[in-house]
Amino acid sequence: MRQARPYSGMFCGGVSARTGPHALPLARIKKIMKRSAGETADGGARMISGEAPVVFSKACELFIAELTRRAWAATLDGKRRTVHKEDVATAVHNTDLFDFLVDVVMADHHAGGDDGEDAAALE
């Protein structure tokens, strides 16, 4: 019978920074971080410690949770039980903290091919 290895956080009862479980894939976060950091003056890619993607993973989880809570409130205001992209857009527009996303939700909203009534209501 196979026994759980130390890297298997679910069976060991502990979770380390390197092994997870994480809700978001650390390799993907690290790839985004490297791409966003650009290149150094000497032409080499920037180095990222093993703990940094873990912190970003947790920050992303908190960000998604907060945006979801606010989008859910917009869903309830609309007397629905399913969150739609319009609810996310409403949450972004009603929260100063999410101002950096206004262009993103508006671009997505206009690309969706709506008739413009909702866009006028959001502005």
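What counts and what doesn't
Residues numbered from 1 in each chain as written. Predicted model: local features only at pLDDT ≥ 70, side-chain atom pairs only at ≥ 80, totals over all residues. Heavy atoms only, no water. UniProt positions renumbered as here; feature names shortened; annotations may be inferred. Helix = DSSP H or I, 4+ residues; strand = E, 2+ residues; numbered from the N terminus. Buried < 20%, exposed > 50% of the residue type's maximum accessible area, 1.4 Å probe, protein only. Contact = heavy atoms within 4.5 Å. Core = buried A, V, L, I, M, F, W, Y, C linked by side-chain atoms within 4.5 Å. Salt bridge = Lys/Arg side-chain N within 4 Å of Asp/Glu carboxyl O.

- As annotated in an unreviewed UniProt entry, the protein chain is Transcription factor CBF/NF-Y/archaeal histone domain-containing protein from Digitaria exilis.
- The record held by UniProt for the protein chain lists under Subcellular location (unreviewed entry) the comment "Nucleus".

1. Comments concerning the side chain of Thr 75
Link 1 in the chain: Structurally, the position occupied by Thr 75 is in helix α3 (residues 52-77).
Link 2 in the chain: For Thr 75, a relative accessible area of 0% puts it in the buried group.
Link 3 in the chain: Other than its neighbours up to four places away in sequence, Thr 75 contacts Arg 80, Arg 81, Thr 82, Val 83 and Asp 87.

2. Concerning the nonpolar core
Link 1 in the chain: Grouped together as the largest cluster of nonpolar side chains are 8 residues: Leu 67, Ala 71, Ala 89, Ala 91, Val 92, Phe 98, Leu 101 and Val 105.
Link 2 in the chain: For this core, the secondary-structure elements that each account for two or more residues are α3 and α4 (85-94).
Link 3 in the chain: The element best represented in this core is α4, accounting for 3 residues.
Link 4 in the chain: Among all residues touching Val 105, those that are not within four sequence positions of it are Ala 89, Val 92 and His 93.
Link 5 in the chain: Grouped together as the second largest cluster of nonpolar side chains are 5 residues, Ile 29, Met 33, Ile 48 and Val 54 included.

3. Quick look at the environment of Ile 48
Link 1 in the chain: Along the chain, Ile 48 falls in the loop between α2 (26-37) and α3.
Link 2 in the chain: Each C-alpha atom of the pair Ile 48 and Met 33 lies 8.0 Å from the other, and the pair is 15 residues apart in sequence.
Link 3 in the chain: Dropping the residues within four chain positions of it, Ile 48 is found in contact with Lys 30, Met 33, Lys 34 and Pro 53.

4. Quick word on the pattern of salt bridges
Any two side chains of opposite charge can pair if their charged atoms end up close together.
Link 1 in the chain: Applying the stated criterion across every chain, the model contains 3 salt bridges.
Link 2 in the chain: The closest approach of N and O atoms between Arg 70 and Glu 66, which form a salt bridge, is 2.6 Å. In this pair, Arg 70 and Glu 66 are both assigned in helix α3, 4 residues apart and thus about one turn of the helix distant.
Link 3 in the chain: Note on Arg 70: relative accessible area 35%, which makes it partly exposed.
Link 4 in the chain: Owing to a relative accessible area of 23%, Glu 66 belongs among the partly exposed residues under this scheme.
Link 5 in the chain: Close ionic contact of Asp 87 with Arg 80 constitutes a salt bridge, the shortest N to O distance being 2.6 Å.
Link 6 in the chain: On the basis of relative accessible area, Asp 87 is assigned to the buried category, the value being 3%.

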